[in-house]
Amino acid sequence: MIFKSRYILIGILLMLCFFMFACGKVDKKSGENTSVPENTGVLNSEENLAEQIEKGYDLPVDVHQKKEAEEDCKKMMELIRDIYVRADKGDASNVILSNKTVSEMREKLKETNNPVIMTEVYSNMENFESVDNFLKKCRERVSGSAVVYEVHSEGGIRRMKFFFDGTDMYVFSISMVWDEHNVPAVSYVSYTRIKEWKYTDKGWFCYELCVPEPPEVTEIVDGSCMLRIKPMTNKNRKMSEKCVFGVAYQGNNLLCSNWDTENMKGIDYNGLYEYLYAMKYQNKFDPENYPDGIPREKFERLIMEYLPITEEKIQEYAVFDEKKQSYVWEELGCSNYTPSYFGTSVPEVTHIKKNVDGTVTLTVDAVCQMILCDDAVITHELTVKFSEDGSFKYLGNKILNAGVNDIPKYQNRINRK
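So, how was this worked out
- Residues numbered from 1 in each chain as written.
- Predicted model: local features only at pLDDT ≥ 70, side-chain atom pairs only at ≥ 80, totals over all residues.
- Heavy atoms only, no water.
- Buried < 20%, exposed > 50% of the residue type's maximum accessible area, 1.4 Å probe, protein only.
- Helix = DSSP H or I, 4+ residues; strand = E, 2+ residues; numbered from the N terminus.
- Pairing = 2+ DSSP bridges.
- Core = buried A, V, L, I, M, F, W, Y, C linked by side-chain atoms within 4.5 Å.
- Contact = heavy atoms within 4.5 Å.
- Polar contact = N/O pair within 3.5 Å; in protein donor to acceptor, adjacent residues only side chain to side chain.
- Salt bridge = Lys/Arg side-chain N within 4 Å of Asp/Glu carboxyl O.

## With respect to the pairing of strand S16 (residues 392-399)
Item 1. Among the eight residues that make up S16, six are buried, leaving the element largely enclosed by the rest of the structure.
Item 2. With two bridges connecting them, strand S9 (residues 259-260) and S16 associate as antiparallel partners. When the bridges of S16 are listed, Trp-259 appears paired with Asn-397.
Item 3. As paired elements, strand S15 (residues 379-386) and S16 share seven bridges and run antiparallel to each other. Bridged to His-380 within S16 is Ile-399.
Item 4. From the end of S15 to the start of S16, which pair antiparallel, there are five residues, and Gly-390 there has a positive phi angle of about 95°.

Written out as structure tokens, the structure is:
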């Protein structure tokens with residue numbers, strides 16, 4: 001179910017009444033104060049205040065809510081100070097910590113029993129139960145609140161407090177980072193109404209923030225957000241990381257087209273190569289090493305490692321320069337790729353089925369956090385076969401429920417002349 005914001009201001013009088021009511025509102029069931037932050041700033045007029053509240057973003061921040069958030073966030077930052085101080089920060093001006101270090105921070109904060117999540121792909125929310133319970137109650141229009149802490153790759157923390165008043169949902173966010181003296185400092189504060197939201201069966205909290213819209217702005221501002229609440233299983237995460245994350249849905253069509261071992265002509269091999277290269281060597285493909293194209297032996301050997309296809313078929317299906325005995329390669333760009341929100345989707349394995357013939361069928365959802373805000377833009381079944389050494393081959397992909405009609409038509413990286 002999707003709840004759409006119906007907050008309508010009818011004159012200044014009703015607006016003032018709302019604040020008088022909201023400031024003292026208490027959930028009768030829990031006894032928890034669920035009031036939304038009240039105005040503490042000085043605005044030019046009551047009309048300006050009413051207009052800002054109706055827009056739903058850059059809402060006035062209550063000084064008490066802000067103080068509470070700062071104190072809570074600072075306490076969490078202090079808990080991970082030692083981890084941050086001793087971490088390897090490299091020589092770059094922008095600090096990016098290793099996943100191992102950020103995971104260590106998350107584990108430390110987990111001890112507080114607060115919900116904590118990382119921004120890393122496939123990361124689970126620790127202590128998720130309170131947020132899960134909050135959202136389930138919101139479905140029943142029961143007012144309440146929930147706090148989530150998010151650990152960022154630079155070592156900072158964002159504290160998000162979600163409020164639901166029985167009709168509308170809001171989020172009050174504050175972010176802290178480390179200054180040059182390793183002291184926590186506030187970097188961002190916002191209070192925003194959530195335009196619409198849903199809590200999916202898979203456990204994704206999808207919501208769209210109120211943001212500036214035309215004619216106030218000339219470009220689209222994406223207010224879409226997604227938080228994984230219910231955890232992935234370890235098996236699904238490992239399979240996602242091993243088999244689908246490196247390929248995904250941009251620049252190649254291995255996971256967003258229908259094919260099998262008897263029908264492999266439609267695969268964009270020239271586009272796929274760089275992603276298989278990165279999967280195998282854990283390093284980005286550098287085209288400068290191959291100014292005349294990718295040598296035939298290198299290209300075919302890698303493709304055949306991951307796909308059940310012969311050298312002859314690769315030469316037939318891919319763009320191959322017979323004279324140079326190399327395969328043409330072009331970087332993904334404006335001339336050969338039309339950007340789409342679907343292309344930013346992350347593949348997520350939701351089910352693993354072992355078949356009697358020794359193959360494995362993975363059910364995969366394309367999770368798109370941008371604009372679409374959908375935990376399954378398409379669902380497809382990817383069949384793979386593993387060897388004893390852990391390597392594997394892709395054997396086929398099938399998009400379910402005619403989902404191929406719901407995504408942009410794939411554009412080959414290189415067209416045949």
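## Examining the sheet that holds strand S12 (residues 326-327)
Item 1. Reading across from one edge, S10-S12-S11 is the order of the three strands in this open sheet, with antiparallel pairing throughout. Since the sheet does not close on itself, it has two edges, and those belong to strand S10 (294-295) and strand S11 (320-321), each with one partner.
Item 2. One ladder, built from two bridges, connects S11 with S12; its direction is antiparallel. Note on S12: the bridge partner recorded for Phe-320 is Tyr-327.

## Looking at the sheet that holds strand S14 (residues 360-367)
One key point about sheets: their strands pair by backbone hydrogen bonds, in either a parallel or an antiparallel sense.
Item 1. In spatial order, the strands read S9-S16-S15-S14-S13; together these five strands make up an open sheet with antiparallel pairing. Only two strands of the sheet have a single partner each, and these edge strands are S9 and strand S13 (346-354).
Item 2. Bridge count between S13 and S14: eight bridges; the pairing is antiparallel. Bridging from a neighbouring strand, Lys-354 pairs with Val-360 of S14.

## Quick look at the nonpolar core
Item 1. One finds Leu-254, Tyr-269, Phe-299, Leu-307, Leu-362 and Tyr-394 to be the most contacted residues of the largest nonpolar core, which totals 49 residues.
Item 2. Secondary structure elements with two or more residues in this core: helix H7 (234-244), helix H8 (269-281), helix H9 (296-306), helix H10 (311-317), S14, S15 and S16.
Item 3. When residues in this core are grouped by element, the largest group, six residues, is from H8.
Item 4. Setting aside its immediate chain neighbours within four residues, Leu-254 contacts Val-247, Trp-259, Ile-267, Leu-272, Leu-307, Tyr-394 and Asn-397.
Item 5. Of all hydrophobic cores here, the second largest spans 23 residues; its members include Cys-138, Phe-205, Tyr-207 and Val-211.

## Digging into unusual backbone geometry
Item 1. Of note, the amide linkage connecting Pro-214 to Pro-215 takes the cis form, showing an omega dihedral of 5°.
Item 2. Mapping Pro-215 onto the fold places it in the loop between strand S7 (204-209) and strand S8 (224-228).
Item 3. Located in the positive-phi region is Ala-402, a residue other than glycine, with phi close to 55°.
Item 4. As for its placement among the helices and strands, Ala-402 is situated in the segment after S16.

## What about the side chain of Asn-397?
Item 1. When you line up the elements, Asn-397 lands in strand S16.
Item 2. The exposure class assigned to Asn-397 is buried, which follows from its relative accessible area of 3%.
Item 3. A distance of 2.9 Å separates a polar atom in the side chain of Asn-397 from the backbone oxygen of Ser-257.
Item 4. There is a polar contact of 2.8 Å between the side chain of Asn-397 and the side chain of His-380.
Item 5. Apart from the residues within four sequence positions on either side, Asn-397 is in contact with Leu-254, Leu-255, Cys-256, Ser-257, Asn-258, Trp-259, His-380, Glu-381 and Leu-382.

## Details of the environment of Gln-369
Item 1. Relative to the helices and strands, Gln-369 resides in the loop between S14 and S15.
Item 2. For the pair Gln-369 and Cys-225, spaced 144 residues apart in the sequence, the C-alpha separation amounts to 6.1 Å.
Item 3. Not counting residues up to four positions away in its chain, the partners in contact with Gln-369 are Trp-204, Asp-222, Ser-224 and Met-226.

## Focus: the pattern of salt bridges
Item 1. Across all of its chains, the model carries 21 salt bridges by this definition.
Item 2. Two residues, Arg-159 and Asp-72, come together in a salt bridge whose shortest N-O distance is 3.3 Å. With Arg-159 in strand S4 (residues 157-164) and Asp-72 in helix H3 (residues 63-79), this pair connects stretches of sequence that are 87 residues apart.
Item 3. Since its relative accessible area comes to 22%, Asp-72 is described here as partly exposed.
Item 4. The partner of Glu-126 in a salt bridge is Lys-110, with the nearest N and O atoms 3.5 Å apart. Taken together, the residues span a long stretch of sequence, with Glu-126 in the loop between strand S2 (116-118) and helix H6 (129-139) and Lys-110 in helix H5 (residues 99-110) at a distance of 16 residues.
Item 5. A relative accessible area of 31% means that Lys-110 is categorised as partly exposed.
Item 6. Connected through shared salt-bridge partners, Glu-68, Asp-72, Arg-159 and Lys-161 make up one network.

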